[in-house]
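Listed below are the residues making up each chain.
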Amino acid sequence: SITLSKRAIETLADQRAAYWQGREDGLYRVARTLANIFGDFEDDPVDRRRDMYNSMMQSVARAETTIFQVYAVWLPNAVDGMDSRHIGRPGSTPTGQYASAFRMENGQANITVTSDVADAMAYLTGPNANNDRYVHPVPRTIDGKDTWYFRIMVPIINHRNGEVVGGVGCLCVIDAIQPTIENTIKTREEIAAISIYSSNGFIIAHFVPERVGKQLID
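Residues numbered from 1 in each chain as written. Predicted model: local features only at pLDDT ≥ 70, side-chain atom pairs only at ≥ 80, totals over all residues. Heavy atoms only, no water.

The next thing to look at is the layout of surface pockets. One simple way to see leftover space: roll a probe sized like a water molecule over the atoms. As a volume, the largest pocket reaches approximately 870 Å³. If you trace the largest pocket, you find 34 residues lining it, with Leu27, Phe150, Cys172, Val173 and Ile177 closest to the centre. For the lining of the largest pocket, the secondary structure elements donating two or more residues are α1 (2-38), α2 (49-63), β4 (133-142), β5 (145-157), β6 (164-173) and β7 (195-197). Here the lining of the largest pocket takes 7 residues from α1, the largest share from any one element. Its residues assigned to classes, the lining of the largest pocket shows 20 nonpolar, 7 polar and 7 charged. By volume, the second largest pocket amounts to about 190 Å³. What lines the second largest pocket is a set of 13 residues, and nearest its centre among them are Leu12, Ala13, Arg16, Ala193 and Ile194. For the lining of the second largest pocket, the secondary structure elements donating two or more residues are α1 and β7. It is α1 that contributes the most residues to the lining of the second largest pocket, 6 residues altogether. When the residues that make up the lining of the second largest pocket are grouped by side-chain class, the tally is 10 nonpolar, 1 polar and 2 charged. (1 Å grid on protein atoms, 1.4 Å probe; cavity = no way out; pocket = protein on both sides within 12 Å on 5 of 7 lines; lining within 4 Å. Points joined across faces, edges and corners; volume = space filled by probe spheres on them. Helix = DSSP H or I, 4+ residues; strand = E, 2+ residues; numbered from the N terminus. Nonpolar A, V, L, I, M, F, W, Y, C, P; charged D, E, K, R; others polar.)

Across all of its chains, the model carries 8 aromatic pairs by this definition. Look at phenylalanine 38 and tyrosine 53: their rings are 4.5 Å apart centre to centre, the planes differ by 35°, and that puts the pair in the tilted class. Within this pair, whereas phenylalanine 38 is found in helix α1, its partner tyrosine 53 is found in helix α2, the two being separated by 15 residues in sequence. Note on tyrosine 53: relative accessible area 0%, which makes it buried. Summarising the aromatic geometry, the rings of tryptophan 74 and tyrosine 98 are spaced 6.5 Å apart at their centres and angled 70° between planes, so their arrangement reads as edge-to-face. Taken together, the residues tryptophan 74 in strand β1 (residues 69-74) and tyrosine 98 in the loop between β1 and β2 (100-105) connect sequence positions 24 residues apart. With a relative accessible area of 1%, tyrosine 98 lands in the buried category. Aromatic rings pair up to connect Phe38, Phe41, Tyr53, Trp74 and Tyr98 into one cluster. Across from the ring centre of tyrosine 19, 4.8 Å away, lies the NZ or CZ of arginine 16, which sits over that ring. (Phe/Tyr/Trp six-rings, centres within 6.5 Å; stacked < 30°, edge-to-face > 60°. Buried < 20%, exposed > 50% of the residue type's maximum accessible area, 1.4 Å probe, protein only. Lys NZ or Arg CZ within 6 Å of the ring centre and 35° of its normal.)

Glancing now at the pairing of β5. Relative to β5, β4 runs antiparallel, the two being bridged by 8 bridges. Paired with arginine 133 across the strands is methionine 153, a residue of β5. Here β4 folds back onto β5 in antiparallel fashion, the turn holding 2 residues, of which aspartate 143 has a positive phi close to 55°. In this structure, β5 lies alongside β6, joined through 9 bridges in antiparallel fashion. Within β6, the residue paired with isoleucine 157 across the bridge is valine 164. In textbook terms, the turn of a hairpin is the stretch between consecutive antiparallel strands, and for β5 and β6 this stretch comprises 6 residues, one of which, glycine 162, has a positive phi near 80°. (Pairing = 2+ DSSP bridges.)

Attention now moves to the sheet that holds β4. Spatially, the 6 strands line up as an open sheet ordered β3-β2-β1-β6-β5-β4, and their pairing is antiparallel. Looking at strand neighbours, the two that pair on one side only are β3 (108-113) and β4, the edges of this open sheet. Neighbour-to-neighbour, the strand axes of the sheet open up by a mean angle of 25°, direction not taken into account. Lying over the sheet, α2 contacts β1, β2 and β3, oriented at roughly 30° with respect to β2. (Axes fitted to C-alpha atoms, helices over the stretch in contact; angles between N-to-C directions. Contact = heavy atoms within 4.5 Å.)

Turning our attention to the pattern of salt bridges. Applying the stated criterion to the full structure yields 9 salt bridges. Among the salt bridges present, the one from arginine 50 reaches aspartate 80, with a minimum N-O distance of 2.7 Å. Separated by 30 residues along the polypeptide, arginine 50 in helix α2 and aspartate 80 in the loop between β1 and β2 bring together distant segments of the chain. Comparing arginine 50 with aspartate 80, the two get one shared label, buried. For glutamate 190, the salt bridge identified is with arginine 188, shortest N-O distance 2.8 Å. Judged by relative accessible area, glutamate 190 falls into the partly exposed class, the value being 45%. Here arginine 188 falls in the partly exposed class, since its relative accessible area comes to 24%. Overlapping salt bridges, with partners in common, bring together Arg50, Asp80 and Asp83 in one network. (Salt bridge = Lys/Arg side-chain N within 4 Å of Asp/Glu carboxyl O.)

Here is the structure:
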């Protein structure tokens, strides 16, 4: 009896894990699609690349409601070799480096410079640049509401020579996760409790809502 009960629970756990894995894969798929398009940058007109890539990310920001912000960081002079000519341009760092970010505000996808430039550069020039990047949830106030978001990034790889030239990132708020697990518990009588954690022990969602945002060790 105990063995059968354990198997039933394991089956339920596998089902929910597959569901949330699919949600996660969907977010990475958005970033990878952009990164793959950007990887053909050498085939695009040099003087239009920034405008083209900004337009693509702006469209994604408008369409993907689960993503709070979409952005790209390119290595210095990698996108078009003209960083110095783009100093002062929206979406560029003080040196002209491409670091555009788009997020929805008041129904508009507005451009800004991502705050992730330093950390993204460390990732893109480090030994794990070819791997997907994940940053554990951190607090943020969005539209006057305190919440948490996590960050993902995938590399932009030059399709001609295989070199990493930049990265596409997404900021994703955790707000929609808690209501989803609460609804699962409500509608699936065989499920009594669900918890979702980041790999550092951060509680993303929990059957006791007050625990969201705390650490598992606590």
